[in-house]
Amino acid sequence: MKYILVTGGVISGIGKGIIASSVGTILKSCGLHVTAIKIDPYINIDAGTFSPYEHGEVFVLDDGGEVDLDLGNYERFLDIRLTKDNNLTTGKIYQSVINKERRGDYLGKTVQVVPHITDAIQEWVVKQATVPVDDDGVEPQVCVIELGGTVGDIESMPFIEAFRQFQFKVKRENFCNIHVSLVPQVRGRFYPMVHGIFECKCVWLIMCRCSTALENSVKEKISMFCHVEPKQVICVQDVSSIYRVPLLLEDQGVVSYLSRRLNMPIDARPRKMLTKWKEMSDRSDRLLEHCSIALVGKYTKFSDSYASVIKALEHSALAISHKLEVKYIDSACLEPGTLQEEPVKYHEAWPHFCFGVRGTEGKIHAINWARIQKKPFLGVCLGMQLAVCEFARSTLGWKDANSTEFDPDSKHPVVIDMPEHNPGQMGGTMRLGKRRTIFTNDTSVLRKLYGDADYVEERHRHRFEVNPELKSHFEEKGFRFVGQDVEGERMEVIELDDHPYFIGVQYHPEFTSRPIKPSPPYLGLLLAAAGKLQSYLQKGCRMSPRDTYSDRSGSSSPDSDISELKMPSISSE
C-alpha cells in the first residue's frame, strides 16, 4: 500500500480537497486502484449535526455516513463509493480510545495522546486503506489522505505526530507528504509558507496555490527555503474549471515523480481517462448557450451549502452543451412577510426567481409559481414534501395543509414524522443512506430518464415523509406518486400530469452524480429548461443518462441520443 498525505498551510479552504482528488484521479488514470480518507480534526463524531454555514453541505454515503463535503469530491473525481469510516474525526478517535479504556483493553496503563491516540489514528488509516471502493471489489493500491485545517493548529497536532511516526512504520518508499500552501509574497519572501512546511516535519511535494503561474525564479527560491528540488515545487494556479486541475498536475510531472518516489507500477499505455477529462474541460470552456436555474433554499448565502446540487447541475448542463447560470434565492425573501418588513429584498428576490421553520412558506410560493407558470421544477427531499403541501393547499383546498415538522396541529398533515425518528436525539437518527425506489408507473418521465429501469438505488437523508393515507386524494387530481419504497409504504417520487417537468424526489440524486455520468433527475431538469426534454424522450431514451459519455473512443462527447440535441460544435482557435 502506498500512502499520500495531503496537508495545508497558511490558511484553510484553498483547495486541498480538489488537489487530493486530482492526485487520485491522475493515479487512477494510470491503472491503479485508489481510495481516499478525509481527516477532520474537530471533536464532532461526524458532520451530521453541523449547520450548512459551518462546513457547507453534509454529504451522505451509501452506508448512511454523514460526512465532510470533500468526500463528495473524492467520489465524483475518482468515481468510487466510500464508507463512513473514510471520514476520520478527532471525536471518532477519542471515542474509540475511551471505549477501549472502559473495557480494560489497556490493562491499567495511563492512556495518553502519545502513544494511544497516535496509534489509534495509524491503525484506523491502515485498516480503512484496504477497503475496496471500486465496483470490481479489488483492494486499493494507493490511499490519498487529506488532513483538514492547517498545520500548526492545536487540534491537528496529534495527527501530525501520528504521521511523523507512520512514515517510518510503513517505510520511506511507501509514504509521501504533499503540502498545499497559499503563496503570499511579502517583499519576495515566503515566511508563512516555510513555517507550515517545517511544522509538517517532512514534505516531498509542495503545491503552491496562487492566482497566476509562478515564475521559475520564484519556484527556485521556494525550493531553496523549503529544502526540496525545484521539480518538487508544483504550481496550482487558478484555472477555468476544477476539472483542469488533474491535467495541470499531470503536465508538471506529478505522476512521474510519484512513480519514482513511491516505486509504483505505472501503466505506460495512453491514459484514456485523462483524455476524457481534457475534452470535457475544453468543451466546458467553449460553451456559449446559457441555461438559468433558480436555486431556492434557506442557506443560499454560502454556496458550499448546496455543493453537490451545483455539481449535479453542472454535470447535466455540460452533457447538453449549455453553460450553467445559477441564481441563488433565499426562500425567506419570497414570503409575504418580507414585503412588509424588508420590501427591497422582496422585490429584488421575486424578479430573480421569475427569471429563472424560516423560508418554508417562501419555497411553497416558489413551487406554486413554477406549477402554475409551467416552469421546469425539481424538488429534492424537503422540496418534494413542500410540493405536496402546495398542491394540497392550492388544488385540494386544504388551506392548512402542512408538514408536522412545521405545524404539529395541522388538520391536514400531508407530511408526517417517520416512526423510527427519535426526536430526542439529533445525530444519526434520520433515514440515511442508499435505499431502493420501485417505479410503479410505466409512463413515468423520471423512469424513462433512468433508462426505463424498474427501480433505482439512491441516497436518502430525511426524518419526515409524505402521509401515505392521503395518497388517493392527490392522484385523483393528476398528482401522481410514481415511485415508492420496496414495501410500498413510503412515497419516493412525484410527477404532475400536464406539466413540462414537475418532479419531486424524496432522495438526494445529486450525491451520485458524476462529471461524465450526470444524475437523471437533474439532467431532466436541464433538458426541460433548454426546451429539449420532449425531443429526447421521443427518441425512447435508448441510452441511459447515467451512461451519457461514450467509452468507445475516450471522447467526452455525449452518445448519439444526446449529441443530436446539443448546439453545433464550436471550433477552437
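Residues numbered from 1 in each chain as written. Predicted model: local features only at pLDDT ≥ 70, side-chain atom pairs only at ≥ 80, totals over all residues. Heavy atoms only, no water.

The name given to the protein in an unreviewed UniProt entry is CTP synthase, and the organism recorded there is Scophthalmus maximus. Listed in UniProt under the heading Function (unreviewed entry), the comment for the protein reads: "Catalyzes the ATP-dependent amination of UTP to CTP with either L-glutamine or ammonia as the source of nitrogen." Note on the protein: under the UniProt heading Catalytic activity (unreviewed entry), the record states "UTP + L-glutamine + ATP + H2O = CTP + L-glutamate + ADP + phosphate + 2 H(+)". (UniProt positions renumbered as here; feature names shortened; annotations may be inferred.)

Novice: Quick rundown of the overall build of the protein? Include the residues and the values.
Specialist: Across its full length, the protein carries 21 helices and 20 strands. Burial analysis of the protein (573 residues in total) assigns 56% to the buried set. Just so you have it, the protein exposes about 24,600 Å², and 50% of that area is on carbon and sulfur atoms. (Helix = DSSP H or I, 4+ residues; strand = E, 2+ residues; numbered from the N terminus. Buried < 20%, exposed > 50% of the residue type's maximum accessible area, 1.4 Å probe, protein only. Areas by Shrake-Rupley, 256 points an atom, 1.4 Å probe, with all protein chains shown as cover.)

Novice: Help me get a handle on the confidence of the model for the protein, residues and values and all.
Specialist: The predicted model of the protein has a mean per-residue pLDDT of 83, with 84% of residues at 70 or higher. Every residue in residues 350-357 is under pLDDT 50, and counting partners more than four places away or in other chains gives 18 contacts. In the predicted structure, residues 543-573 sits below a pLDDT of 50 and forms 89 contacts with residues beyond four places in sequence or in another chain. (pLDDT = per-residue confidence, 0-100. Contact = heavy atoms within 4.5 Å.)

Novice: Please give an account of the sheet that holds strand β13 (residues 402-403) that cites residues and values.
Specialist: Across the sheet, three strands lie side by side as β13-β14-β17; this open sheet has mixed pairing. Looking along the sheet, the strands with just one partner apiece sit at the ends: β13 and β17 (464-466). In this structure, strand β14 (residues 413-417) lies alongside β17, joined through three bridges in antiparallel fashion. Its bridge partner lying in β17, D417 is registered against F464. Across the sheet, helix α16 (residues 382-394) touches β13, β14 and β17, and the angle it forms with β14 is around 150°. (Pairing = 2+ DSSP bridges. Axes fitted to C-alpha atoms, helices over the stretch in contact; angles between N-to-C directions.)

Novice: Could you give me a rundown of the packing of helix α12 (residues 307-319) against helix α19 (residues 520-529), with the residues and numbers involved?
Specialist: Contact pair α12 / α19: the axes reach a minimum separation of 8 Å and the direction vectors enclose 55°. Relative to α19, the element α12 lies oblique. Read as a crossing pair, α12 and α19 show a hand that is right-handed. Contact with α12, carried on its side by V309, A312, L313, S316, A317 and A319, involves Y522, L523, L525 and L526 of α19 and no other residues of that element. Counted by class, the contact of α12 with α19 contains nine nonpolar, one polar and no charged residues. (Parallel < 35°, antiparallel > 145°, perpendicular 65-115°, else oblique. Left-handed = near helix turned anticlockwise from the far one by under 90°. Nonpolar A, V, L, I, M, F, W, Y, C, P; charged D, E, K, R; others polar.)

Novice: How would you explain the pattern of salt bridges if you had to name every residue and give the values?
Specialist: With the rule as written, the count across this model stands at 35 salt bridges. Of the charged contacts, one joins E75 and R459 as a salt bridge, the two residues approaching to 2.9 Å between their closest N and O atoms. Of the residues examined, R459 reaches a relative accessible area of 0% and is grouped as buried. Put simply, D452 and R447 hold a salt bridge, and the shortest N to O gap is 3.5 Å. Under the relative-accessibility criterion, D452 is labelled partly exposed at 48%. A cluster of three or more residues bridged by salt bridges with shared partners is formed by D62, E75, D79, R81, R459, R514 and K517. (Salt bridge = Lys/Arg side-chain N within 4 Å of Asp/Glu carboxyl O.)

Novice: Run through the sheet that holds strand β2 (residues 34-40), naming residues and quoting values.
Specialist: Sheet architecture is open: seven strands sit in the order β5-β2-β6-β1-β7-β8-β9, paired in parallel fashion. The open sheet has two edge strands, β5 (87-89) and β9 (233-237), and neither has a second partner. Taken over all neighbouring pairs, the strand axes of this sheet differ in orientation by 20° on average, direction set aside. Here strand β7 (residues 175-182) runs beside strand β8 (residues 205-210); their pairing, made up of five bridges, is parallel. Along β8, the bridge assignment pairs V180 with M207. Across the sheet, helix α1 (residues 16-28) lies against β1 (2-9), β2, β6 (142-147), β7, β8 and β9, angled at about 175° from β6, the strand it touches most. Its contacts with the sheet put helix α5 (residues 113-129) on β1, β2, β5 and β6, and the angle it makes with β2 is roughly 150°.

Novice: Account for the nonpolar core, naming residues and giving values.
Specialist: Among the nonpolar cores identified, the biggest contains 50 residues, and V23, L27, M207, L249 and L258 are the most heavily contacted of them. Looking at this core element by element, the count peaks at six residues for α1. (Core = buried A, V, L, I, M, F, W, Y, C linked by side-chain atoms within 4.5 Å.)

Novice: So what's going on with the environment of L78? Residues and values would help.
Specialist: Among the secondary structure elements, L78 is positioned in helix α3 (residues 70-78). It is 7.8 Å that separates the C-alpha atoms of L78 and V34, two residues lying 44 residues apart in sequence.

Novice: Explain the environment of S21 residue by residue, including any values.
Specialist: Position of S21 relative to the elements: it lies in helix α1. Along the backbone, S21 and L71 are 50 residues apart, and their C-alpha atoms lie at a distance of 9.0 Å.

Novice: Give me the packing of aromatic side chains: which residues, what numbers.
Specialist: Applying the stated criterion across every chain, the model contains 17 aromatic pairs. Ring pairs connect the aromatic residues F391, W398, F474, F479 and F481, which therefore count as one cluster. Between the NZ or CZ atom of R261 and the centre of the ring of W204, over which it lies, the distance is 4.2 Å. Sitting over the face of the ring of Y455, R436 holds its NZ or CZ atom 3.7 Å from the ring centroid. (Phe/Tyr/Trp six-rings, centres within 6.5 Å; stacked < 30°, edge-to-face > 60°. Lys NZ or Arg CZ within 6 Å of the ring centre and 35° of its normal.)

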